[in-house]
Amino acid sequence: MSTAFSDESDGSGYDAGHDAGHEASVVELPRLEPIPDLSIRTLGPARITSPMATLLDATRTTEHYISENDRVLLDDTLARISSRGVPAGELPGLEPCGPRRKIFFDPAKTRAAIVTCGGLCPGLNDVIAGLVRTLTYHYRVRRVVGIRNGYQGFVPGYGHDVVDLTPESVRDIATDGGTVLGTSRGPQDPEEIVDCLEQLHVNVLFVVGGDGSMRGAMKIARTLEERGLRIAVVGIPKTIDNDIPYIDQSFGFQTAFSLASDAIRAAQVEAKSTANGIGLVKLMGRHSGFIACYAALARSGADAVLIPEVPFALDGEQGLLAHLRRRVSERGHAVVVVAEGAGQELIGEPDDAARDASGNAKLRDIGPWLRRRIGDHFSDAGIETSIRYIDPSYAIRSVPANPYDSVYCVRLSQAAVHAAMSGRTEMVVGRYRRRFVHIPMSVAVSRRNQVDPHGDLWLAVLESTGQPVRFA
């Protein structure tokens, strides 16, 4: 994982230190999950010399580059590797991204399509522009089309047109947030989507979207296979919640939590400016609290961070409300950061039938509910307070990407084009342990990446806020 923004440890580390007179502690072998199938499906042998081949003549595997025949190991600790109990040559690994010397598609006869699906995220336009430039400038693909408004754009009944994309038409789109192609939620009939791909004579489809979009892309790929059509389907995973497994970070995440930290700063300023003031900030994070954690660490002004992965109690001496009252008494103010999916079990029984267009269960709104409970608690204790509630959710996802995310988007788009032109399909590109790799779509949607309550990120949050391990 990235050294600057590491993912969660799995508790498989070891204590190398020892006291005088004691033996060094033994490495504790972790319990490992089954190895997923990491093989990447291809449409057939790659026999065409790539236009990128000359760039590869002097390359070899180094700490900064992985050659196409090498692999990126799934495990990165001695304990995890030892626990596999297999020879080094059989250790599970991921296929690296990058140009191949031989490609499957003849660029002069290739047409590509790009579709963006699901919610907005910083960097969507950067990805679109990167795909178009790499296809056009480096592979000389003659036509790239954009599909309007997500998967709806493939379906005739919606009446959406397609748009030709050229380097000139995408030159300045990265300065704007959102997606120039539009987006939509919800599944569409894969048969109709494949019909459209055939009519457009598309050879390569790039899907930019979250786990629901990738499940849709898998259905498209399987329908193509059933029809015997050699059309590559490659995904660039998008999720502002950073909840896709086997990926260091999703694009746009750094932009999002950077802006979220500004909301925490504003809440802190407001809280400090009034007697017994409390700032309450609700951030995105349906099932994963990464934005709340990173934003709180970036600003270091929060007294409590609440995330879906760590249940909490409100009442009692060890509950959240008592903790806030102590902080206000000690400091004169307090700031709470809560992810949207936190505390759902406290609000009431969920309505299992209430779902959004993507099929996700609709969450109850924790922000206003928590604001009311905090206000009632202080009122009952005879303490006059003012609560400033800030919800920047849509503001942080609709902005242009910052420079870091822009670079990340360009590299992801380049990797996606290289993979597609080599005939790889039903896969996504991502960065894992600082390496860009190919990940089967089935693996990318196999589970949800979440904050580990026993990991180093949550430990850092607890250190920063000074909150107890549990509000119980």
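Throughout, a residue's number is its position along its own chain's written sequence, starting from 1. Local features in this predicted model are restricted to residues whose pLDDT is 70 or higher, and side-chain atom pairs enter the listing and the counts only when it is 80 or higher, whereas totals over whole chains, interfaces and linings include all residues. As a rule here, side-chain values cover all heavy atoms of the structure and leave hydrogens and water aside.

### A word on the overall build of the protein chain
- A run of H or I in DSSP counts as a helix once it spans at least four residues, and a run of E counts as a strand once it spans at least two, with each numbered from the N terminus. In terms of helices and strands, the protein chain carries 13 helices and 17 strands.
- Scaling as 2.2 N^0.38, a compact globule of 472 residues should have a C-alpha radius of gyration of about 23 Å, and the protein chain matches this with 24 Å.
- Oriented by its inertia axes, the alpha-carbon framework of the protein chain measures out at about 75 × 65 × 40 Å.
- By the burial criterion, 52% of the 472 residues in the protein chain qualify as buried.
- Working rule for contacts: check all heavy atoms of both residues, and any pair within 4.5 Å makes them a contact. Taking all contacts inside the protein chain whose residues are at least 6 apart in sequence as the whole, residues at least 24 apart take part in 79%.
- With an accessible surface of roughly 21000 Å², the protein chain has 48% of that area assigned to carbon and sulfur atoms.
- Charge centroids of the protein chain, computed over 51 positive and 58 negative side chains, lie 5 Å from each other. When we talk radius of gyration, it's over C-alpha atoms, and the globule rule is simply 2.2 Å times the number of residues to the 0.38. Burial here depends on accessible area, computed with a 1.4 Å probe over protein chains only, as a share of the maximum for the residue type. Under 20% is buried, over 50% is exposed, and the range in between is partly exposed. Each accessible area is a Shrake-Rupley estimate made with a 1.4 Å probe; only the visible protein chains count as cover when residues are assessed. Here the positive residues are Lys and Arg and the negative ones are Asp and Glu; neither His nor the chain ends is included. By convention, the point assigned to a charge is CZ for Arg, NZ for Lys, CD for Glu and CG for Asp.

### As for the sheet that holds strand β8 (residues 162-164)
- For two strands to be treated as a pair, DSSP must find no fewer than two bridges joining them. Pairing is mixed in the open sheet, where nine strands are placed in the order β3-β4-β17-β16-β10-β9-β6-β7-β8. Bordering the open sheet on either side are β3 (72-73) and β8, each of which pairs with just one other strand.
- Helix axes are fitted only over the stretch in contact, all axes being lines through C-alpha atoms; the angle between N-to-C directions runs from 0 to 180 degrees. On the sheet, helix α2 (residues 124-138) packs against β6 (111-116), β7 (143-147), β9 (204-209) and β10 (232-237) and is oriented at approximately 175° with respect to β6.
- Helix α11 (residues 403-421) contacts β9, β10, β16 (427-432) and β17 (435-440) of the sheet and is inclined by roughly 140° relative to β16.

### Notes on the packing of helix α6 (residues 290-299) against helix α13 (residues 456-465)
- Across the interface, α6 lies against α13 with an axial gap of 10 Å and an inter-helix angle of 45°. By the angle between their axes, α6 is oblique relative to α13. When you trace α6 past α13, the crossing you get is left-handed. Along the contact surface, α6 presents Phe 290, Cys 293, Tyr 294, Ala 296 and Leu 297, while α13 presents Leu 457, Trp 458, Ala 460, Val 461 and Ser 464.
- Amino acids are sorted into nonpolar (Ala, Val, Leu, Ile, Met, Phe, Trp, Tyr, Cys and Pro), charged (Asp, Glu, Lys and Arg) and polar (every other residue, Gly among them). Its residues assigned to classes, the contact of α6 with α13 shows nine nonpolar, one polar and no charged. Here roughly perpendicular refers to angles of 65 to 115 degrees, roughly parallel to angles under 35, roughly antiparallel to angles over 145, and oblique to all remaining angles. It is the rotation of the near helix from the far one that decides the hand of a crossing: anticlockwise by less than a right angle makes it left-handed, clockwise makes it right-handed.

### Some remarks on the UniProt feature "binding site: Mg(2+)" (unreviewed entry) in the protein chain
- When the UniProt feature table is mapped to this numbering, "binding site: Mg(2+)" (unreviewed entry) covers Asp 211.
- As for its placement among the helices and strands, Asp 211 is situated in helix α4 (residues 211-227).
- We classify Asp 211 as partly exposed; its relative accessible area is 32%. UniProt positions are given in the numbering used here, feature names are shortened, and annotations may be inferred rather than shown by experiment.

### Concerning the pattern of salt bridges
- A pair is scored as a salt bridge if a Lys or Arg side-chain nitrogen falls within 4 Å of a carboxyl oxygen belonging to Asp or Glu. One pass over the structure, following the stated rule, counts 27 salt bridges.
- A salt bridge links Asp 262 to Arg 299; the shortest N-O distance between them is 3.4 Å. Linking Asp 262 in helix α5 (residues 253-272) with Arg 299 in helix α6, this pair joins segments that are 37 residues apart in sequence.
- Of the residues examined, Asp 262 reaches a relative accessible area of 33% and is grouped as partly exposed.
- Here the residues in one salt-bridge network are Arg 41, Arg 222, Glu 225 and Glu 426, joined through shared partners.

### Considerations on the side chain of Ser 184
- On the secondary structure map, Ser 184 appears in the loop between β8 and α3 (190-199).
- Take Ser 184: its relative accessible area is 13%, and that puts it in the buried class.
- In protein, a polar contact requires one atom able to donate a hydrogen and another able to accept it; more generally it is a pair of N or O atoms within 3.5 Å, and residues adjacent in sequence count only if both atoms are side-chain atoms. One polar contact links the side chain of Ser 184 to the main-chain carbonyl oxygen of Asn 149, over a distance of 2.8 Å.
- Excluding residues within four positions of it along the chain, Ser 184 makes contact with Cys 117, Gly 118, Asn 149, Gly 150, Tyr 151 and Gln 152.

### Quick word on the packing of aromatic side chains
- What counts as a ring pair is set by centres within 6.5 Å for rings of Phe, Tyr and Trp (its six-membered ring), and what kind of pair is set by the plane angle: stacked under 30 degrees, edge-to-face over 60, tilted for all other angles. What the rule picks out here adds up to seven aromatic pairs.
- An aromatic cluster is built from Phe 253, Phe 257 and Tyr 294, whose rings are joined through pairwise contacts.
- Cation placement over rings: the criterion is NZ of Lys or CZ of Arg within 6 Å of the ring centroid and within 35° of the ring normal. Its guanidinium or amino end placed over the ring of Tyr 408, Arg 431 lies 4.7 Å from that ring's centre, counting from NZ or CZ.
- The positively charged end of Arg 447 is found above the aromatic ring belonging to Tyr 246, 4.9 Å away from the centroid.

### Here we look at the pairing of β17
- Counting buried residues along β17, five of its six residues qualify, which places the element largely inside the surrounding structure.
- For strand β4 (residues 93-96) and β17, the ladder comprises two bridges, and the chain directions are antiparallel. Within the sheet, the bridge partner assigned to Glu 95 lies in β17 and is His 438.
- Inspection of the sheet shows β16 paired to β17 by six bridges, in the antiparallel sense. The residue bridging Met 427 from the neighbouring strand is Pro 440, located in β17.
- Where β16 folds back onto β17 in an antiparallel hairpin, the turn is made up of two residues, including Arg 433, whose phi is positive at roughly 55°.

### Digging into the packing of α3 against α4
- Look at α3 against α4: their axes get within 9 Å of each other, and the N-to-C directions meet at 65°. Judged by the angle between their axes, α3 and α4 are roughly perpendicular. Between α3 and α4 lies a crossing whose hand is right-handed. Taking contact as the criterion, the partners of Pro 190, Glu 191, Ile 193, Val 194, Asp 195, Leu 197 and Glu 198 in α3 are, on α4, Lys 219, Ile 220, Thr 223, Leu 224 and Arg 227.
- Among the residues forming the contact of α3 with α4, the class breakdown is six nonpolar, one polar and five charged.

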